[in-house]
Amino acid sequence: MKVTWELADGQRIAADVAAGETLKDAALAANVPGVKGDCGGFLSCATCHVVVAPDWVTAAGSAEDTEDDMLDMTEAVREAGSRLSCQIVMSDVLDGIVLRVPQ
Ligand code: FES
């Protein structure tokens, strides 16, 4: 399944991602600049912040309470589609998802 990250400079990075993999791990594997995942996916760093493209917000689901709290502490300003990518798990419904990496 495919995931595309859009960078602030307009560059796009696409990668094949297996079901069950988090989009944070997928970003690290694809060397996506700006997605760090310092805490390893334990919801304590917010360095895996991405903005889900509008067409994909519903499929990606909404943030749970702890993620929602962490999204208030991101380095970049929180936006309507903001999610922590360590909390998004790849599945069939997300095949083709587009994520913007905030500056
Ligand atoms: Fe730290 Fe996602 S990797 S909150």
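Above: the structure in question.
Before going into details, it helps to say that this report is about the structure given with it. As the structure is a computational prediction, the values presented were derived from the model and not from experiment. Throughout, a residue's number is its position along its own chain's written sequence, starting from 1. Whole-chain, interface and lining totals are the exception, using all residues; otherwise, since this is a predicted model, local features are given only for residues with pLDDT of at least 70 and side-chain atom pairs are given and counted only at 80 or more. Excluded from the side-chain calculations are hydrogens and water; all other atoms, namely the structure's heavy atoms, are used.

A word on the overall build of the chain. Secondary structure elements are defined from DSSP: runs of H or I of at least 4 residues count as helices, runs of E of at least 2 residues count as strands, and each element is numbered from the N terminus. Along the backbone of the chain there are three helices and five strands. Reading the helices (α) and strands (β) of the chain from amino to carboxyl end gives β-β-α-β-α-α-β-β. Computed over the C-alpha atoms, the radius of gyration of the chain is 12 Å, within 12% of the 13 Å expected from 2.2 N^0.38 for a compact globule of 103 residues. By its C-alpha atoms, the chain is 30 × 25 × 25 Å across when sized along the principal axes. The buried label applies to any residue whose accessible area, calculated with a 1.4 Å probe on protein chains only, is under 20% of its type's maximum; exposed applies above 50%, and partly exposed to all values in between. When the 103 residues of the chain are sorted by exposure, 45% land in the buried category. Computation of the radius of gyration draws on C-alpha atoms alone. For the globule rule, the value is 2.2 Å times the number of residues to the power 0.38.

Quick look at the pairing of strand β2 (residues 12–16) now. The side chains of a regular strand alternate between both faces of the sheet. Judged by which residues are buried, β2 turns out to be one-sided: Ile 13 and Ala 15 face inward and are buried, whereas Arg 12, Ala 14 and Asp 16, on the alternate face, are not. Strand pairing is defined by DSSP finding a minimum of two bridges between the two strands. By the bridge criterion, five bridges tie strand β1 (residues 2–6) to β2 in an arrangement that is antiparallel. Counterpart to Trp 5 in the pairing with β2 is Ile 13. Following β1, the chain reverses through five residues before pairing antiparallel with β2; Gly 10 in that reversal takes a positive phi of roughly 95°.

Right, let's get into the sheet that holds β2. What the five strands build is an open sheet, ordered β2-β1-β5-β3-β4; its pairing is mixed. Only two strands of the sheet have a single partner each, and these edge strands are β2 and β4 (82–84). Between one strand axis and the next, the sheet turns through 35° on average, direction left out of account. Only the stretch in contact is used when fitting a helix axis, every axis being a line fitted to C-alpha atoms; angles between N-to-C directions are given from 0 to 180 degrees.

This paragraph deals with the pairing of β1. Note that β1 and strand β5 (residues 97–100) share four bridges and pair parallel. From the neighbouring strand, Thr 4 faces β5, where its bridge partner is Val 98.

Salt bridge, as used here, is a side-chain nitrogen of Lys or Arg placed within 4 Å of a carboxyl oxygen of Asp or Glu. By the definition in use, this model includes six salt bridges. In this structure, Glu 67 engages Arg 83 in a salt bridge whose closest nitrogen and oxygen atoms are separated by 2.7 Å. With Glu 67 in helix α3 (residues 65–71) and Arg 83 in strand β4, the pair connects residues that are 16 residues apart, well separated along the chain. On the basis of relative accessibility, which here comes to 2%, the residue Glu 67 falls in the buried class. Here Arg 78 ties to Asp 68 by a salt bridge, and the two come within 2.4 Å at their closest N and O atoms. Here the residue Arg 78 occupies a position in the loop between α3 and β4, and Asp 68 occupies one in helix α3, the gap between them amounting to 10 residues.

Looking now at the side chain of Thr 47. When you line up the elements, Thr 47 lands in the loop between α1 (23–29) and β3 (49–52). A polar atom in the side chain of Thr 47 sits 2.9 Å from the backbone nitrogen of Gly 37. Residue contacts follow a heavy-atom distance rule, with two residues in contact if any of their heavy atoms lie within 4.5 Å. Those residues in contact with Thr 47, other than ones at most four positions away along the chain, are Gly 34, Val 35, Lys 36, Gly 37 and Asp 38. A 3.5 Å cut-off defines polar contacts: any pair of N or O atoms within that distance qualifies, except that in protein one atom must be a possible hydrogen donor and the other a possible acceptor, and neighbouring residues in sequence count only when both atoms are side-chain atoms.

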